[in-house]
Amino acid sequence: MHLILFFLFAGLCLAGAINLLLQTHPINSALSLIVVMTSLAVLYLLLGAEFLAIAQIIVYAGAVMVLFTFVVMLLNAGREERTLGSRAGARVGFPAVAVLLAVLATVLLHAQGLTAAHLGAGLTDAKSGTNLDILSQVLFHELLLPFEVTSVLILIAILGAVALARADGSKTGGAEGTAEK
Amino acid sequence: MSFLQHDVPLNWYLLLSAALFSLGVVGFLIKRNLITVFMSIELMLNAVNLSFVAFAYQWHAVKGQIFVFFVMMVAAAEAAVGLAIIIAVFRARATLAVDRINLMKL
């Protein structure tokens, strides 16, 4: 079952990522990125990270991608044109990235000591509660300060987004930051 | 049906993560639209998150998953600010093609 689900959603992930590259219109790229993020959420679920799977769907596939599609539609972004820069990028970039991927694949496939993931395995031994219990224990006790600092970061990001996107003095450029939280 | 009980080696998850990261790098290099370039960066962040989750599974480390949570938060903040910058750039230049946005000066 795990194998089937893994191949299904890993294939969906890769297909979405390749489609992101092949599409020339940004809205199609944004939609295929949503496919990638949602299938990644399922893969997180397979690896026993329920909280992250839900957070991935809400934060990434929800908030961030809504923001992306909103900006694509707001700016009325059209098809991209092929230029000298993209040809040079393709000519130099593709071999370099192929080499990078080959090296990574060789290292990863020969890595020893990695376990096989099976469904239903928790983060720790099952006696101390569910994954979510353990996660919230650590997040809200040991790592409370970083968590609070993150909320300050989000607040600053909202203010920065509003300040940056606002047209000079006359009218506000939309509430980009408010879509986040 | 031994096929149904088959487990997935963690190496495959890491390989998928590497492949997604490489596709993100390729997108960053060949795409000529500012928004699509930004989407490729998000794809790379997601790929790294997947390997974080895989390693958290391997070593039963809760903090690995919490790190992914923090990466998500920072990525959300980054997306808000980055898209605001893209809107500002579009206002100044009336284009999203990265080849035409080659001067910092207006």
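Residues numbered from 1 in each chain as written. Chains lettered and ligands numbered in written order. Predicted model: local features only at pLDDT ≥ 70, side-chain atom pairs only at ≥ 80, totals over all residues. Heavy atoms only, no water.

## Overview of the overall build of chain A
Counting secondary structure elements, chain A contains 6 helices and 1 strand. Listing every helix and strand of chain A by position from the N terminus yields α-α-α-α-β-α-α. A sequence separation of at least 24 residues applies to 59% of the contacts in chain A between residues at least 6 apart. (Helix = DSSP H or I, 4+ residues; strand = E, 2+ residues; numbered from the N terminus. Contact = heavy atoms within 4.5 Å.)

## A word on the interface of chain A and chain B
If you look at the interface, chain A gives 91 residues, while chain B gives 74 residues. Note on chain A versus chain B: buried area summed over both sides is about 7600 Å², and carbon and sulfur give 76% of it. Here chain A and chain B share 1 salt bridge between them. A salt bridge links Glu 142 of chain A to Lys 63 of chain B; its shortest N-O distance comes to 2.6 Å. Between the two partners, chain A and chain B, sit 7 residue pairs in polar contact (both at pLDDT 80 or more). In terms of residue class, the side of chain A that touches chain B is made up of 65 nonpolar, 18 polar and 8 charged. (Buried area = accessible area lost by both parts, 1.4 Å probe. Salt bridge = Lys/Arg side-chain N within 4 Å of Asp/Glu carboxyl O. Polar contact = N/O pair within 3.5 Å; in protein donor to acceptor, adjacent residues only side chain to side chain. Nonpolar A, V, L, I, M, F, W, Y, C, P; charged D, E, K, R; others polar.)

## Observations concerning the nonpolar core
If you look at the biggest cluster of nonpolar residues, it comprises 84 residues, and the most contacted ones within it are Leu 43 of chain A together with Tyr 13 and Ile 35 of chain B. The element contributing the most residues to this core is helix α3 (residues 62-93) of chain B, with 16 residues. Structurally, this core is a two-domain feature, drawing no fewer than three residues from each of domain 1 (1-80) and domain 2 (129-181) of chain A. Apart from the residues within four sequence positions on either side, Tyr 13 of chain B is in contact with His 2, Phe 6, Leu 43, Leu 46, Leu 47 and Ala 117 of chain A together with Val 8, Leu 50 and Ala 54 of chain B. (Core = buried A, V, L, I, M, F, W, Y, C linked by side-chain atoms within 4.5 Å. Buried < 20%, exposed > 50% of the residue type's maximum accessible area, 1.4 Å probe, protein only. Domains from an automatic or database assignment.)

## Comments concerning the packing of helix α5 (residues 131-142) of chain A against α3 of chain B
At a minimum axis distance of 10 Å, the contact between α5 of chain A and α3 of chain B shows a crossing angle of 70 degrees. Between α5 of chain A and α3 of chain B, the crossing angle belongs to the class labelled roughly perpendicular. Here α5 of chain A and α3 of chain B pass one another in a crossing that is right-handed. Residues Ile 134, Leu 135, Val 138, Leu 139 and Glu 142 of chain A of α5 of chain A pack against Val 62, Lys 63, Gln 65, Ile 66, Phe 69 and Phe 70 of chain B of α3 of chain B. Per-class residue counts for the contact of α5 of chain A with α3 of chain B are 8 nonpolar, 1 polar and 2 charged. (Axes fitted to C-alpha atoms, helices over the stretch in contact; angles between N-to-C directions. Parallel < 35°, antiparallel > 145°, perpendicular 65-115°, else oblique. Left-handed = near helix turned anticlockwise from the far one by under 90°.)

## Comments concerning the packing of aromatic side chains
Any aromatic ring pair is given by two values, namely how distant the centres are and how the planes are angled relative to each other. In this structure the tally under the stated criterion is 11 aromatic pairs over all chains. Ring geometry for Phe 51 of chain A versus Phe 69 of chain B: centroids 5.4 Å apart, planes at 45 degrees, classification tilted. Of this pair, Phe 51 of chain A sits in helix α3 (residues 50-74) while Phe 69 of chain B sits in helix α3, which puts the two residues in different chains. Here Phe 51 of chain A falls in the partly exposed class, since its relative accessible area comes to 28%. (Phe/Tyr/Trp six-rings, centres within 6.5 Å; stacked < 30°, edge-to-face > 60°.)

Shape descriptors only; they carry no functional weight alone.
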